[in-house]
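Chain residues, written in single-letter form:
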Amino acid sequence: MKTSRHWAAFVLLGLRPVSVAAKPIAFAKGTTAMLEYGAGTMNEAQLFHAPRYWYSVGGGWLELDSEDGTKQRHITYLRGNLLAKRWNMPGAQANVFVWGGLGRATGNDFEGSDLARNVGFQADYETRRVYGAFRSDLQESDDFSHRIDTLQLGWAPYEHDYDTLATWFVVQSRRYTGGLFDGPENAVLLRFFKGGTWIEIGATTDGKLQAMAMFNF
């Protein structure tokens, strides 16, 4: 009986992992809403639904502003996400996600709206105390091409369960291509989550606010 209980707990953990990295797929038949705010550079909203644990579909809205204020982008898109690979290990999990989609984009340095293309991937590794994640997201059209690469490293001062409050200290480095930002944009973040709710807030080394919220339901 004890072995059965342990096996059931492992299966449930696999279906609804104690996730410390934002993911485009939370769990089967689940919906994920994500909001991100980066003062002066990037704002994004996404909504995805996962009919199965290995894929999700949905859409998003992205706003990009260059550091010098000369370039502005507004992109709306529909996208599909795929869990390409998952490793379940004793006390740890690793994932690779890929995605692609199409949308429309407007900007202040070209006329009308463009057909926009979006492709990207994410690789992450996590335990209940440490994690690392790398994400690369390309938004492009005939008039622009911007790739956003994000590296995050996190540490938790204590272990947590799905239904208890988790606290994480996170360092982030992000690089934008296409003339949006000169060099890496680095930030220090404090992250809290419990169950399917996630709140993250911090600042870049230039003193600009960074915030993110994610809801799984």
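The notes below deal with the structure included here.

Attention now goes to the overall build of the chain. A count of helices and strands for the chain gives 1 helix and 12 strands. Put simply, the chain runs from its N terminus to its C terminus through helices and strands in the order α-β-β-β-β-β-β-β-β-β-β-β-β. Taking 217 residues into account, the globule formula puts the C-alpha radius of gyration at 17 Å, and the chain, at 18 Å, falls close to it. Dimensions of the chain, computed from C-alpha atoms along their principal axes, come out at roughly 65 × 35 × 25 Å. Out of the 217 residues belonging to the chain, those deemed buried represent 46%. For the chain, the share of sequence-separated contacts (at least 6 apart) that also reach a separation of at least 24 residues comes to 47%. For the chain, the accessible area works out to roughly 10,800 Å², and carbon and sulfur atoms hold 62% of it. Of the side-chain charges in the chain, 22 are positive and 23 negative, and the distance between the mean point of each set is 13 Å.

Moving on to the pattern of salt bridges. The tally for this structure, following the rule as stated, stands at 9 salt bridges. As a salt-bridge pair, E36 and R174 come within 3.0 Å of each other at their nearest N and O atoms. Remark: R174 occurs in strand β9 (residues 166-176) and E36 occurs in strand β1 (residues 30-38); sequence separation between them is 138 residues. Owing to a relative accessible area of 16%, E36 belongs among the buried residues under this scheme.

Inspection of the entire model under this criterion finds 7 aromatic pairs. Taken together, a centroid distance of 4.6 Å and an interplanar angle of 50° make the contact between W54 and Y55 tilted. Look at F121 and F134: their rings are 5.9 Å apart centre to centre, the planes differ by 50°, and that puts the pair in the tilted class. Of this pair, F121 sits in strand β6 (residues 114-126) while F134 sits in strand β7 (residues 130-140), and the two are 13 residues apart along the sequence.

Sizing a probe to match a water molecule and rolling it over the atoms shows the empty space that remains. Tallying each qualifying case throughout the model produces 3 cavities of 30 Å³ or more. Within this model, the largest cavity holds a volume of roughly 410 Å³. Along the wall of the largest cavity there are 34 residues; nearest its centre are A22, E36, R135, R174 and M212. Here the element with the most residues in the lining of the largest cavity is β7; it accounts for 5 residues. Of the residues belonging to the lining of the largest cavity, the class tally is 19 nonpolar, 6 polar and 9 charged.

Residues Y53, W54, L82, V98, F121, F134, L151, L153, V171 and V188 make up a contiguous nonpolar surface patch of about 860 Å² in total accessible area. In this fold, V98 is placed in strand β5 (residues 92-107).

For the rest of this paragraph, the subject is unusual backbone geometry. Glycine aside, the phi torsion of most residues is negative, and most peptide linkages are trans. Of note, the phi angle at K29 is positive, near 65°, even though the residue is not glycine. Within the secondary structure layout, K29 lies in the loop between α1 (2-15) and β1. What makes K29 exposed here is its relative accessible area of 69%.

Position of S66 among the secondary structure elements: in the loop between β3 (55-65) and β4 (72-89). Exposure remark for S66: the relative accessible area of 3% places this residue in the buried category. Engagement of the side chain of S66 in a polar contact is seen with the side chain of D68, the distance being 2.8 Å. Look past the residues within four positions of S66 in its chain and what remains in contact with it is G40, K71, G179 and L180.

A few words now on the sheet that holds strand β8 (residues 145-155). Strand order in the closed barrel made by the 12 strands is β1-β2-β3-β4-β5-β6-β7-β8-β9-β10-β11-β12, with antiparallel pairing throughout. Strand-to-strand twist in this sheet, taken as the mean axis angle between neighbours without regard to direction, amounts to 15°. Inspection of the sheet shows strand β11 (residues 197-204) paired to strand β12 (residues 209-216) by 7 bridges, in the antiparallel sense. Considered in β12, the bridge of W198 is made with M214.

Thresholds, definitions, all that
- Residues numbered from 1 in each chain as written.
- Predicted model: local features only at pLDDT ≥ 70, side-chain atom pairs only at ≥ 80, totals over all residues.
- Heavy atoms only, no water.
- Helix = DSSP H or I, 4+ residues; strand = E, 2+ residues; numbered from the N terminus.
- Rg over C-alpha atoms; globule rule 2.2 N^0.38 Å.
- Buried < 20%, exposed > 50% of the residue type's maximum accessible area, 1.4 Å probe, protein only.
- Contact = heavy atoms within 4.5 Å.
- Areas by Shrake-Rupley, 256 points an atom, 1.4 Å probe, with all protein chains shown as cover.
- Lys, Arg positive; Asp, Glu negative; His and termini not counted.
- Charge placed at Lys NZ, Arg CZ, Asp CG, Glu CD.
- Salt bridge = Lys/Arg side-chain N within 4 Å of Asp/Glu carboxyl O.
- Phe/Tyr/Trp six-rings, centres within 6.5 Å; stacked < 30°, edge-to-face > 60°.
- 1 Å grid on protein atoms, 1.4 Å probe; cavity = no way out; pocket = protein on both sides within 12 Å on 5 of 7 lines; lining within 4 Å.
- Points joined across faces, edges and corners; volume = space filled by probe spheres on them.
- Nonpolar A, V, L, I, M, F, W, Y, C, P; charged D, E, K, R; others polar.
- Patch = residues over 30% accessible without salt bridge, like charges linked within 9 Å, V, L, I, M, F, W, Y side chains within 5 Å.
- Polar contact = N/O pair within 3.5 Å; in protein donor to acceptor, adjacent residues only side chain to side chain.
- Pairing = 2+ DSSP bridges.
- Axes fitted to C-alpha atoms, helices over the stretch in contact; angles between N-to-C directions.

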